[in-house]
Amino acid sequence: MLTHLSKTDTRLINILFLTSILVFINIGPVSVSFPIGLMVLVYFSRRIHFKLFRKPVLWLTLLVLTGYISSILSDIPFVNNLYFLIQLFYWLLLTCTIGQLYPYIDKKMLGKTIVVGTIILGTVNFLLGWGTQNSVAFTLVIFTPLGLYGIGKKALTFLYAFLMLFFMFFNESRSGFFILTFEMLFLFFQYFQLRKMKIIIVSIVSVFVLFFFTPLNTIIGKFIEPYNPEVAALLIDSDAVFSTDKSWIQRKIQVQKGLQLFEEHPIIGIGPNNFSKTYVDIDITNIQNVDEATLIETLKKADYRSTHNSYITLLSEFGAVGLAFFILFLIPFLIKSFQNINYKGESDFLLVVAVVGMCLYFYTIAAFYGTAAWLFYGLIYGYTNSYRKSKR
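Residues numbered from 1 in each chain as written. Predicted model: local features only at pLDDT ≥ 70, side-chain atom pairs only at ≥ 80, totals over all residues. Heavy atoms only, no water.

Now, about the overall build of the chain: what can you tell me, with residues and values included?
Along the backbone of the chain there are 17 helices and 2 strands. What you see for the chain is a C-alpha radius of gyration of 21 Å, in line with the 21 Å of a compact globule of 392 residues. A principal-axis box enclosing the C-alpha atoms of the chain has dimensions of 65 × 55 × 40 Å. For the chain, long-range pairs separated by at least 24 residues make up 77% of all intrachain contacts whose partners lie at least 6 apart in sequence. With an accessible surface of roughly 18,200 Å², the chain has 66% of that area assigned to carbon and sulfur atoms. Taking the 31 positively charged and 21 negatively charged side chains of the chain as two groups, their mean positions are separated by 19 Å. (Helix = DSSP H or I, 4+ residues; strand = E, 2+ residues; numbered from the N terminus. Rg over C-alpha atoms; globule rule 2.2 N^0.38 Å. Contact = heavy atoms within 4.5 Å. Areas by Shrake-Rupley, 256 points an atom, 1.4 Å probe, with all protein chains shown as cover. Lys, Arg positive; Asp, Glu negative; His and termini not counted. Charge placed at Lys NZ, Arg CZ, Asp CG, Glu CD.)

Kindly report on the packing of aromatic side chains, identifying the contributing residues and their values.
By the definition in use, this model includes 32 aromatic pairs. Geometrically, the ring pair formed by Phe143 and Phe376 is edge-to-face, given 6.3 Å between the ring centres and 85° between the ring planes. With Phe143 in helix H6 (residues 133–148) and Phe376 in helix H17 (residues 371–390), this residue pair connects regions lying 233 residues apart in the sequence. Measuring from centroid to centroid gives 6.4 Å for Phe329 and Tyr377, while their planes differ by 75°, and the two rings are edge-to-face. On the criterion of sequence distance, the pair formed by Phe329 in helix H15 (residues 310–339) and Tyr377 in helix H17 is long-range, its members being 48 residues apart. Given the relative accessible area of 0%, Tyr377 is considered buried. Positioned above the aromatic ring of Trp248 is the side chain of Arg251, whose terminal nitrogen or guanidinium carbon lies 5.7 Å from the ring centre. (Phe/Tyr/Trp six-rings, centres within 6.5 Å; stacked < 30°, edge-to-face > 60°. Buried < 20%, exposed > 50% of the residue type's maximum accessible area, 1.4 Å probe, protein only. Lys NZ or Arg CZ within 6 Å of the ring centre and 35° of its normal.)

Read these as spatial facts, not as claims about activity.
Structure below.
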């Protein structure tokens, strides 16, 4: 029966999180975190029980099983996707392991590990361009708030937050930059102990209005234009961006493709990792409020891409059943965390911020899969499970 974690246990968990953050390092065809993850599973296998069919991880287990069934029934041969399906089960076991260990994890030490990892990731992405734009941006969005807990001094906390915003700004992920900014506003509330939901909501809405519906957005846009033209364009003339920008139009095209796949396979979808492999004659008549010439040009490069939207990934690859399972996994965490946000410990409060950031970012990025994401699901599972036990 697990009652605590030794120094060796803590080091192993921190190494796993660190290597999952360093998304630019691979060992041949696998990420550097893969052997560490296998080591963690073997190391803790005799000390924890993989309770895959107990809430809340039950919903992720059912999601994975749904994916297996849809893969078997898919037009794409099951064997062609076998490696990914094995990997999906490996991620599920990692989620379960972190969830079980959550009450005993040293959150302060984990925060310090995350600070080191995100600084390394941001630095090499900024200086060397290593790591894909979306993978780096998503990692910063979900882990930066957790890293804040590992820094003792408030001045260093704000310095770290500014550094992460700097890296995200030059990463040029527009949605990632705005979502990380949103998360850092929560840091401001945490610093001044302003955790009342009414204050938070009013403040966030006020900042949003100030940036997008006053002349301030144009002033800021022109100032940052030499350094990040994409974010500047969004601030100066968002309507033009949404109607003519190829990146945004490509997202709309992939969303339309996902919706068409969902219409054809509404119950359990087409199977995990099959979206980009599936050809669809995309109906562009349903894509509104975009420049037609740009739409037609962008459509030529629309085949075999990702969904650019994690909810569309779930809907098209796992169907309505799979999306429902993922929502059922998140709902207990969101309800309980917001009900008690005024009374949370600092680490719990920052986890809430990170989860909200993830849910927002999922709308513009395909990031449902990956070791970092499923370790993060493990933290969600662990918090929810700890809360359930404390109420018994």
